[in-house]
Amino acid sequence: MKVERLAIPDVILVTPPRFSDNRGFFSETYNVQRMTEAGIALPFVQDNQSLSRQKGVVRGLHCQLDPHAQGKLVRCTKGAIWDVAIDARSGSPTYGKWVAAELSEENWSQLWIPPGFLHGFCTLAEESEVQYKCTGLYDKASERAVIWNSRELAIDWPVSSTDAVLSEKDLEAPEFSAAKDWFHS
Ligand SMILES: Cc1cn([C@H]2C[C@H](O)[C@@H](COP(=O)(O)OP(=O)(O)O[C@H]3O[C@@H](C)C(=O)[C@@H](O)[C@H]3O)O2)c(=O)[nH]c1=O
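Residues numbered from 1 in each chain as written. Predicted model: local features only at pLDDT ≥ 70, side-chain atom pairs only at ≥ 80, totals over all residues.

J.: I'd like a rundown of the site of the ligand, residues and numbers included.
T.: Taken together, the residues surrounding the ligand are Asn-48, Ser-50, Arg-59, Gly-60, His-62, Lys-72, His-119, Gly-120, Phe-121, Tyr-138 and Ser-167. Where the shell around the ligand is concerned, the elements lending two or more residues are β5 (46-52), β6 (58-64) and β12 (117-123). (Near = placed C-beta within 6 Å. Helix = DSSP H or I, 4+ residues; strand = E, 2+ residues; numbered from the N terminus.)

J.: Talk me through the sheet that holds strand β10 (residues 98-104); I want residue IDs and the actual numbers.
T.: If you trace the five strands from one edge of the open sheet to the other, you get β10-β8-β12-β6-β14, paired in antiparallel fashion. Each edge of the open sheet carries a strand with a single partner, namely β10 and β14 (143-145). In this sheet, adjacent strand axes meet at a mean angle of 25° when their direction is disregarded. Looking at chain direction, strand β8 (residues 80-87) and β12 are connected through seven bridges and run antiparallel. Considered in β12, the bridge of Trp-82 is made with Cys-122. (Pairing = 2+ DSSP bridges. Axes fitted to C-alpha atoms, helices over the stretch in contact; angles between N-to-C directions.)

J.: Go over the sheet that holds strand β1 (residues 2-5) with me, naming the residues and quoting the values.
T.: Taken together, the six strands give an open sheet; going across it, the order is β1-β2-β11-β7-β13-β5, and neighbouring strands pair in antiparallel fashion. Two strands close off the open sheet at either side, each with one partner strand: β1 and β5. Within the sheet, the average angular offset between the axes of one strand and its neighbour, ignoring direction, is 20°. Pairing analysis gives six bridges linking strand β7 (residues 72-78) to strand β13 (residues 128-134), with the strands arranged antiparallel.

Structural data, given as structure tokens:
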């Protein structure tokens, strides 16, 4: 399995091998031993899947507060997304910094986003399907969001503000400064 630490080293991009033959392919998309060796050691308790019909759908930037904070292992099983992780742990040397990776049906990569990070993605193709494992259960009261195009983060999104498609809830989210006390490193 290919393992790459990104510019924020706690964020890890992994690419499990795919074994192709005349029938199609086989892949171990999660193996606790290999993921632990790669640095993804927390136990997962919930699996999620979402489908976004259009290109330019933006979901995020989301997190849950402690004790319901979630680490997420994200992959794209159909289409393609641009996946973003933002360090929201105040006191961290990379606080307020972001990293991104393209995840697609084709490149088969997965992005590990630890607890204490905001997460969001933008679809690069129609009918994009995203699946992710979470280390914490959904807890509605603990959910928090930051506006996707927060000026304070200057994320280099592959979609313009006029073309992006967001939920009403996400359009009402505050700037990143609202997140200053959400997590501590
Ligand atoms: C996240 C979540 C939502 N829901 C429900 C609430 C709501 O009625 C419906 C849709 O929820 P949302 O609009 O929040 O879905 P979405 O905008 O796709 O939210 C997701 O975005 C990405 C970026 C993440 O990182 C995820 O953790 C999650 O926050 O699904 C659950 O039942 N369980 C869950 O774990």
